[in-house]
Amino acid sequence: MEGLGLDLPTFIGQLISFLILLGLISAFGFKPIRKMLDERSKRIQESMEMAEATKKEYEQAQAEVQKRLAQSQKQGEALIVQAREIGEKVKEEAKSGARAEAQAIIEKTQVEMKRDQDKIIDNLRREFAGIAILAAEKVIKESLDKQKHLRLIEETLEQSSLLRKH
Amino acid sequence: MTEKPSHKSPLKLILIIVVALVGMSAVSFIGGGVGKIIFGGGAQPTGIFAIHAPKPELPAERPFCPPGEEGAAAGKCKYSFFTNTMITAWISIAFLLFLFITATRKIRLIPKGLQNFVEFFIESAQNFIDDTAGKEYGRKFFPVCVTLFLFVLLNAWFSLVPGFETIKLNHMPLLRNANTDINTPMMLAVVSFCFVEYWGFRANGFHYLKKFVNFSPALNGIKQVFSGQVKAGLGAFGMGLITLFTCFLETISELVRLMSFTFRLFGNMTAGMITTLVIMYIVPWVVPSIFYGLETFLGFVQALIFGGLTLCFLALAVTPHEEESH
């Protein structure tokens, strides 16, 4: 064995060197790289899953949007129809209101005109009665006292108003 | 040959190169140490071919101890602890650590450069190990197998760096392939052996020891004999003896692994070193390059064998033994 160079101190020295190498290379070489490799494969898997999920979500969202669009279109159409109906109704109401108002104005005017007419006719009659009495006075040449005169007017008016009422 | 002229000139060039190389090697052979003896002209080789006749020594040299001193080989001088193989081993270790620490210093999720290269190596090694040992143990066996591989490989390849063994101190090479010092392969074999036994014991518990010593079948046979079943008992006792013998063989084979590991690596590497030295002496030019290429391959193969066999033995050790159930 001496000829081969077997030597215990050398052996132990090499053993310690190798064990140091084993320890350090495992801790600072293999471990971080392994961690990195694992992390990378995890990340890739995650991102692939995420992409899949995103795709699904996108499809879902698109379907939802399509549905919503159709829904809102329907709703819009319904709204337009409703608005048209309301407008129609409002127009109708406005028309009938105006008609009623006009009718009221006409009626009021007619009433007023009637009243004025009556007043005028009344005045005319009163005047006419006065004139008629004056004429009759002259005719009978008889001067009536003031009280008699007034009574005569009232009588005549009463008669004429009675006449008018018929 | 009916080749186009454009193809002819590279062919010619190759031919010229081959002829030149053969010529160079022939000239160097004639001028070298052996050629001089064969063709006459004295025992001394011509100037530029004057390469020292190889005097390979199996024990590692201790370059810090002057050879003249009394008992230098036995390790009596001050720095006798340091052999040239040890220094080389340290360089390999430093290189490996530098490589891996540089690669992982600024480790990034998106690899670049050195990190990419190291990751590629690690991943390939991991796949190789997983194929043999399975996913569960693959990760646990990884550090020791890969470190053994890298250490053997680096030592082997370092010795192929031109000028490697020409650095001399006290007329001794300062650097020498660590694998050619029997202490290194033996140390590696012991490490491998220890890891194998450790994992075998850890995976199977005390059951693992039954692989080496198992009296229970023989004792069962004796029990049967005393309880009256003489014939069956004797048969079982015989089988028990066979089991004991198998255990003995297992133990021997386990220990032989140590020897085979040691001498496979040591023998191959030393043979490679001596072959290169001898070829360099006989034909100093051109031909050694071929042997250098061979040595590169051999170093890789030896490293692979060392790491791979350790892996195989580890995988064998952790598989449960079902011999008791027979």
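Going by the structure above, here's the rest.
Described below are features of the structure shown in this document. Quick caveat: nothing in here was measured; it's all calculated off a predicted structure. (Residues numbered from 1 in each chain as written. Chains lettered and ligands numbered in written order. Predicted model: local features only at pLDDT ≥ 70, side-chain atom pairs only at ≥ 80, totals over all residues. Heavy atoms only, no water.)

A short note on the overall build of chain B
In step 1: Along chain B, the regular secondary structure elements total eight helices and two strands.
In step 2: Along chain B, from the amino end to the carboxyl end, the secondary structure elements read α-α-α-α-β-β-α-α-α-α.
In step 3: Counting contacts in chain B only where the partners sit at least 6 residues apart, residues at least 24 apart contribute 66% of the total.
In step 4: Accessible area of chain B: about 17,900 Å², with a carbon and sulfur share of 73%. (Helix = DSSP H or I, 4+ residues; strand = E, 2+ residues; numbered from the N terminus. Contact = heavy atoms within 4.5 Å. Areas by Shrake-Rupley, 256 points an atom, 1.4 Å probe, with all protein chains shown as cover.)

Considerations on the overall build of chain A
In step 1: Summing up its helical and strand segments, chain A has two helices and zero strands in all.
In step 2: Expressed as lengths along the three principal axes of its C-alpha atoms, the size of chain A is roughly 195 × 35 × 15 Å.
In step 3: Taken across its 166 residues, chain A has 16% of its residues classed as buried.
In step 4: Just so you have it, chain A exposes about 13,800 Å², and 60% of that area is on carbon and sulfur atoms.
In step 5: Between the centroid of the 29 positive side chains of chain A and the centroid of its 28 negative side chains there is a distance of 4 Å. (Buried < 20%, exposed > 50% of the residue type's maximum accessible area, 1.4 Å probe, protein only. Lys, Arg positive; Asp, Glu negative; His and termini not counted. Charge placed at Lys NZ, Arg CZ, Asp CG, Glu CD.)

Quick look at the environment of Phe-28 of chain A
All names here are of chain A.
In step 1: Tracing the backbone shows Phe-28 in helix H1 (residues 8-140).
In step 2: Owing to a relative accessible area of 45%, Phe-28 belongs among the partly exposed residues under this scheme.
In step 3: Residues Phe-28 and Ala-78 lie 50 residues apart in sequence; the distance between their C-alpha atoms is 72 Å.

Examining the nonpolar core
In step 1: With 59 residues, the main nonpolar core has Phe-100, Phe-141 and Leu-188 of chain B as its most contacted residues.
In step 2: Listing elements by their share of this core, those giving two or more residues are H1 of chain A together with helix H3 (84-105), helix H4 (113-158), helix H5 (183-204), helix H7 (230-282) and helix H8 (287-318) of chain B.
In step 3: Broken down by element, the residue count for this core peaks at 20 residues, all from H4 of chain B.
In step 4: The contact partners of Leu-188 of chain B, leaving out residues within four places of it in the chain, are Phe-18 of chain A together with Leu-148, Phe-151, Val-152, Leu-265 and Phe-306 of chain B. (Core = buried A, V, L, I, M, F, W, Y, C linked by side-chain atoms within 4.5 Å.)

Considerations on the packing of aromatic side chains
All names here are of chain B.
In step 1: On inspection of all chains with the given rule, the structure shows 17 aromatic pairs over all chains.
In step 2: Seen from their ring centres, Phe-141 and Trp-199 are 5.6 Å apart, and the 70 degrees between their planes marks the pair as edge-to-face. With Phe-141 in helix H4 and Trp-199 in helix H5, this residue pair connects regions lying 58 residues apart in the sequence.
In step 3: Plain terms: the ring middles of Tyr-198 and Trp-199 are 5.4 Å apart, the flat faces sit at 75 degrees to each other, and that makes the pair edge-to-face.
In step 4: Note on Trp-199: relative accessible area 8%, which makes it buried. (Phe/Tyr/Trp six-rings, centres within 6.5 Å; stacked < 30°, edge-to-face > 60°.)

What to know about the interface of chain B and chain A
In step 1: The partner chain A presents 31 residues to the 47 residues of chain B that form the contact.
In step 2: Inspection of the chain B/chain A interface yields two salt bridges.
In step 3: At the boundary of chain B with chain A, the tally comes to six residue pairs in polar contact (both at pLDDT 80 or more).
In step 4: Where the side of chain B that touches chain A is concerned, the elements lending two or more residues are H3, H4, H5 and H7 of chain B.
In step 5: Here the element with the most residues in the side of chain B that touches chain A is H4 of chain B; it accounts for 15 residues. (Salt bridge = Lys/Arg side-chain N within 4 Å of Asp/Glu carboxyl O. Polar contact = N/O pair within 3.5 Å; in protein donor to acceptor, adjacent residues only side chain to side chain.)

Quick notes on a positive patch on the surface
Residues and elements named next belong to chain B.
In step 1: Together, Arg-105, Lys-106, Arg-108 and Lys-112 line one region of the surface with positive charge.
In step 2: Among the secondary structure elements, Lys-112 is positioned in the loop between H3 and H4.
In step 3: Its relative accessible area of 57% is what places Lys-112 among the exposed residues. (Patch = residues over 30% accessible without salt bridge, like charges linked within 9 Å, V, L, I, M, F, W, Y side chains within 5 Å.)

Quick word on the state of the cysteines
All names here are of chain B.
In step 1: This model, assessed by the stated rule, comprises zero disulfides over all chains.
In step 2: Free cysteine: Cys-312, not disulfide-bonded; nearest cysteine sulfur from Cys-145 at 8.9 Å.
In step 3: Among the residues examined, Cys-312 registers a relative accessible area of 35% and is labelled partly exposed. (Disulfide = S-S within 2.5 Å.)

A look at a nonpolar patch on the surface
In step 1: On the surface, Leu-8, Ile-12, Ile-16, Ile-20, Leu-24 and Phe-28 of chain A together with Ile-101 of chain B cluster together to form a nonpolar patch covering roughly 620 Å² of accessible area.
In step 2: When residues of the nonpolar patch are assigned to their parent elements, the largest contribution, six residues, is made by H1 of chain A.
In step 3: Counting through the fold element by element, Ile-12 of chain A comes out in helix H1.

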